[in-house]
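The residues making up each chain are set out below.
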Amino acid sequence: MALVSFSFLFLLNELLVSHQENKLMLRSEKLRFQAEILAKQALSALDDINAMDTDICSPNYIEKLRVIRWRHPNIEDVASLKGNDIYCSSFWGEINPPLPITVKNETKTNRPELISVKNNSETLYNNIGLHQGHAAVFVARGTYESILNTVTDGYFVMTSADKSQKYFESDSKGYIASDTSFLRKIFTANTSLCSPQWQFCLMAQNARSGLLSLTPALLTFAMAAALMLGWFLTFFFFNIFDKRKSLKFRLKKSIKKGNMFLEYQPMFNAVDGKIDG
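Here is what the cut-offs are and how they apply
Residues numbered from 1 in each chain as written. Predicted model: local features only at pLDDT ≥ 70, side-chain atom pairs only at ≥ 80, totals over all residues. Heavy atoms only, no water. Disulfide = S-S within 2.5 Å. Helix = DSSP H or I, 4+ residues; strand = E, 2+ residues; numbered from the N terminus. Buried < 20%, exposed > 50% of the residue type's maximum accessible area, 1.4 Å probe, protein only. Contact = heavy atoms within 4.5 Å. Pairing = 2+ DSSP bridges. Axes fitted to C-alpha atoms, helices over the stretch in contact; angles between N-to-C directions. Phe/Tyr/Trp six-rings, centres within 6.5 Å; stacked < 30°, edge-to-face > 60°. Lys NZ or Arg CZ within 6 Å of the ring centre and 35° of its normal. Core = buried A, V, L, I, M, F, W, Y, C linked by side-chain atoms within 4.5 Å. Salt bridge = Lys/Arg side-chain N within 4 Å of Asp/Glu carboxyl O.

Enquirer: Please provide a residue-by-residue account of the state of the cysteines, values included.
Expert: Counted according to the given criterion, the structure contains two disulfides. Shown here is the disulfide that connects C194 with C201, its sulfur atoms set 1.9 Å apart. Taking the torsion about the S-S bond as the criterion, the C194 to C201 disulfide, at about 100°, is right-handed. Sequence-ordered numbering of the bonded cysteines in the protein chain gives a disulfide pattern of 1-2, 3-4.

Written out as structure tokens, the structure reads:
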């Protein structure tokens, strides 16, 4: 009975985990779409800056930078570089001394590169920086985090395509598996979805999937149903087995005691009284 009940609960748990993974995948698709929109805005701003032919960091140039920033609502700041230094931006104007940048992930293609900025006492860049050509754009970190924090059914993290860098993550809220034991794994839903165009991945996890996602009342009902099913199937099969075993046992016992014997009943012809069969 215990084996039948456990098998039922295990299959039910697998179905619930699979359902949760489908939900996480649908959510990841939505998040990827929103992140790709932000990436397109950043790339558009980079192209606009690199296409400007005005003297870099002149008053007219800085004004154009501000126009580009206003055209892209999710861009926090846009800037121009000479070499690996930021000389001016739409927000800070002309920067003196220039701010050196560090490329965090070098790309072998013409894709934008992720950068970090060494701030000074007058500037503060704590946003996501992308660099291409002599242009840099900064996407507000809160823009991405606000997207991720809209999810309430799992833990989501955005990483580079090779998983070496973590860009953003949502609040875990207990959705992360605390260990890698077998029992923890069977109650954990995991998904991974990557954007081949923009070289980032979204990974999701919910360690409260399967039976752990049920309310106490539903979990109690599921366990009771598993016990009843186990008891019923066990009783059914044992009953069939006992009946067959009992019939066989009674036949053997009767033969040994001589209680079973053949009887012959002749058939007589009513006319001449002879045996016909």
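Enquirer: Lay out unusual backbone geometry in plain terms, naming residues and giving numbers.
Expert: Residue P97 follows N96 across a cis peptide bond; omega there is 5°. Structurally, P97 is set in strand β3 (residues 93-105). We note that C57 has phi near 70°; this positive angle belongs to a residue other than glycine. Tracing the sequence through the fold places C57 in the loop between α1 (2-50) and α2 (59-71). Residue C57 is classed as buried on the basis of its relative accessible area, which comes to 11%.

Enquirer: So what about the side chain of Q20? Which residues, and what values?
Expert: The topology assignment puts Q20 in helix α1. Residue Q20 is classed as buried on the basis of its relative accessible area of 8%. The residues touching Q20, leaving out its near neighbours within four places in the chain, are D153, A189, N206 and S209.

Enquirer: Describe in detail the sheet that holds strand β7 (residues 155-160), supporting the description with residues and values.
Expert: With antiparallel pairing, four strands are arranged side by side in an open sheet as β8-β7-β10-β9. At either margin of the open sheet sits one strand with a lone partner, and together these are β8 (166-169) and β9 (189-195). Here the average twist between neighbouring strands, direction ignored, is 20°. Pairing of β9 with strand β10 (residues 200-206) involves seven bridges; the strand directions are antiparallel. Bridge pairing in β10 places A189 opposite N206.

Enquirer: Describe in detail the packing of aromatic side chains, supporting the description with residues and values.
Expert: All chains considered together, the criterion is met by one aromatic pair. Plain terms: the ring middles of F91 and W92 are 4.9 Å apart, the flat faces sit at 80° to each other, and that makes the pair edge-to-face. We classify F91 as partly exposed; its relative accessible area is 47%. One cation-aromatic arrangement involves K82 over Y87; the distance from NZ or CZ to the ring centre is 4.9 Å.

Enquirer: Give a description of the pairing of strand β2 (residues 85-89) that names residues and reports values.
Expert: Pairing between strand β1 (residues 75-82) and β2: four bridges, direction antiparallel. Paired with A79 across the two strands is S89, which belongs to β2. Between β1 and β2, which follow one another and run antiparallel, lie two residues, and G83 among them has a positive phi close to 70°.

Enquirer: Can you tell me about the environment of M158, naming the residues and giving the values?
Expert: Along the chain, M158 turns up in strand β7. Considering only alpha carbons, one finds M158 and A204, 46 residues apart in sequence, at a separation of 9.0 Å.

Enquirer: A description of the nonpolar core should follow, citing residues and the corresponding values.
Expert: Ranked by size, the top nonpolar core spans 17 residues in total, and within it I49, L65, V78 and V137 carry the most contacts. Mapped onto this core, the elements with two or more residues apiece are α1, α2, β1 and β6 (135-139). In this structure, V78 is in contact with A45, I49, L65, I68, R69, S89, S90, A136 and V137, ignoring residues within four places of it in sequence. Counting 14 residues, the second largest nonpolar core, distinct from the first, contains V17, A35, F156 and M158.

Enquirer: A description of the pattern of salt bridges should follow, citing residues and the corresponding values.
Expert: Under the criterion given, the structure shown has three salt bridges. In this structure, the salt-bridge partner of R32 is E29, at a minimum N-O distance of 3.1 Å. Of the two residues, R32 and E29 both sit in helix α1, three residues apart, roughly one turn of that helix. In this structure R32 comes out as buried when scored by relative accessible area, which is 19%. The salt bridge involving E63 is made with R66; its shortest N-O contact spans 3.7 Å. Placement of the pair is E63 and R66 together in helix α2, with a separation of three residues, close to one helical turn. A residue is classified by how much of its surface remains accessible, and R66, at 28% relative accessible area, is partly exposed.

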